[in-house]
Amino acid sequence: MNLESIQQFLTNNTEYSWLIIIFLAFAESFLITGVFISSAILFSVCIFLYNMDVLTIFGIVPLAIIGAHTGDVSSFFLGKTLGPQIINSRILIKRQKTINRAQKFLDKFGPYTVLFGRFIPAVRALTPFLLGVSDVKAVRFYIADVIACLLWGAALGILVIGICLLYTSDAADERSSV
């Protein structure tokens, strides 16, 4: 599946655009799918939908926040339930010293890690899982993640509007120079 096929689907099925945004935001935030689905796909779809006047920015941002937060919370609880078994597996038993250092760091800076991890695509899907494995309390994670997702959503909205303004001003410049 490439970007053109996603655009074609959205053009033909605009009634599903809200569901696509939630799904892509969830998928790029969830541990299992976040490794394969790039945040660039979500960003491109948001720009496309906004530029085509399918959704306003006030529709796009809340949907992306809901999807991202749901993916983060799912990864966190996946870490709480399966994390200890994975860490105690034979493969990682040799790395126990490194794992202990990482857990101490996450225990100390857990909520701040959520905030910074939300803005770094390479670790976005992994951070909630690792915090779930560590001793970070669910309430602390939840509050930090809500704040992080709200800030991330605001940044997404600003970037979408900025790119669309840049695109439309470039297109206007090209038309006026012809």
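Each remark here, short or long, concerns the structure printed above.
These figures come from a predicted structure and were not determined experimentally.

**Q** Explain helix α2 (residues 17-29) to me, please; I cannot follow it from the model alone.
**A** Note that an α-helix has 3.6 residues per turn; residues three or four places apart therefore point the same way. Spanning 13 residues, α2 covers 18 Å between terminal C-alpha atoms, matching the ideal 18 Å at 1.5 Å per step. Three or more residues of α2 are buried, namely Ser 17, Ile 20, Ile 21, Leu 24, Ala 25, Ala 27, Glu 28 and Ser 29.

**Q** What's the story with the pattern of salt bridges in this structure? I'm lost.
**A** In a structure, side chains of opposite charge can pair up when their charged atoms sit close to one another. Across all of its chains, the model carries three salt bridges by this definition. Among the ionic pairs, Glu 28 bridges to Arg 118, the shortest N-O distance being 3.9 Å. Here Arg 118 lies in helix α7 (residues 96-118) and Glu 28 lies in helix α2, a separation of 90 residues in the sequence. By relative accessible area, Glu 28 is classed as buried at 3%. By relative accessible area, which is 1% here, Arg 118 ends up buried. A salt bridge links Glu 28 to Arg 124; its shortest N-O distance comes to 2.7 Å. Pair noted here: Glu 28 is in helix α2 and Arg 124 is in helix α8 (residues 121-124), with a separation of 96 residues, a long-range link. There is no split in this pair, since Glu 28 and Arg 124 are both buried. Taken together, the shared-partner salt bridges connect Glu 28, Asp 72, Arg 118 and Arg 124 into one network.

**Q** Just checking my understanding: could you explain the nonpolar core for this structure?
**A** In a soluble, globular protein the nonpolar side chains are often hidden away together inside. Of all hydrophobic cores here, the largest spans 25 residues; its most connected members are Leu 10, Ile 21, Leu 42, Val 45, Cys 46, Leu 49 and Val 160. Elements represented by at least two residues in this core include exactly α1 (3-12), α2, α4 (39-51), α5 (57-87) and α10 (138-177). When residues of this core are assigned to their parent elements, the largest contribution, seven residues, is made by α5. For Val 45, the residues in contact, after removing those within four places along its chain, are Ile 6, Leu 10, Ile 20 and Leu 24. Ranked by size, the runner-up nonpolar core spans nine residues in total, among them Val 114, Val 136, Ala 144 and Ala 148.

**Q** Help me understand the packing of aromatic side chains in this model?
**A** Any aromatic ring pair is given by two values, namely how distant the centres are and how the planes are angled relative to each other. Within this structure, the stated rule accounts for four aromatic pairs. Each ring, one from Phe 76 and one from Phe 77, has its centre 5.2 Å from the other, and the planes form 85°; the classification is edge-to-face. Among the residues examined, Phe 76 registers a relative accessible area of 0% and is labelled buried. With centroids separated by 4.2 Å and ring planes inclined at 5°, the aromatic side chains of Phe 76 and Phe 141 adopt a geometry described as stacked. Placement of the pair is Phe 76 in helix α5 and Phe 141 in helix α10, with a sequence separation of 65 residues.

**Q** In this structure, what is going on with α4? I would like to understand it.
**A** Between the first and last C-alpha of α4 there are 18 Å, a value that for 13 residues agrees with the 18 Å anticipated at 1.5 Å per step. Those residues of α4 not exposed but buried are Leu 42, Val 45, Cys 46, Ile 47, Phe 48 and Leu 49. Sitting at the head of α4, Ser 38 places a side-chain oxygen 3.0 Å from the backbone nitrogen of Ala 40. Just past α4, the residue Asp 53 takes up positive phi, approximately 60°.

**Q** Got a minute to help me understand the packing of α7 against helix α9 (residues 126-133) in this structure?
**A** A packed helix pair is summarised by two numbers, namely the angle formed by the two axes and the spacing between the axes. Relative to each other, α7 and α9 sit at 150°, their axes nearing to 10 Å. The angle between α7 and α9 falls in the class roughly antiparallel. In the crossing of α7 with α9, the sense of the turn from one axis to the other is left-handed. The segment α7 lies against α9, with Gln 103, Leu 106, Gly 110, Thr 113, Val 114 and Gly 117 engaging Thr 127, Leu 130, Leu 131 and Val 133.

Procedures and definitions
- Residues numbered from 1 in each chain as written.
- Predicted model: local features only at pLDDT ≥ 70, side-chain atom pairs only at ≥ 80, totals over all residues.
- Heavy atoms only, no water.
- Helix = DSSP H or I, 4+ residues; strand = E, 2+ residues; numbered from the N terminus.
- Expected span 1.5 Å × (residues − 1).
- Buried < 20%, exposed > 50% of the residue type's maximum accessible area, 1.4 Å probe, protein only.
- Salt bridge = Lys/Arg side-chain N within 4 Å of Asp/Glu carboxyl O.
- Core = buried A, V, L, I, M, F, W, Y, C linked by side-chain atoms within 4.5 Å.
- Contact = heavy atoms within 4.5 Å.
- Phe/Tyr/Trp six-rings, centres within 6.5 Å; stacked < 30°, edge-to-face > 60°.
- Polar contact = N/O pair within 3.5 Å; in protein donor to acceptor, adjacent residues only side chain to side chain.
- Axes fitted to C-alpha atoms, helices over the stretch in contact; angles between N-to-C directions.
- Parallel < 35°, antiparallel > 145°, perpendicular 65-115°, else oblique.
- Left-handed = near helix turned anticlockwise from the far one by under 90°.

Taken by themselves, the reported measurements are silent on function.
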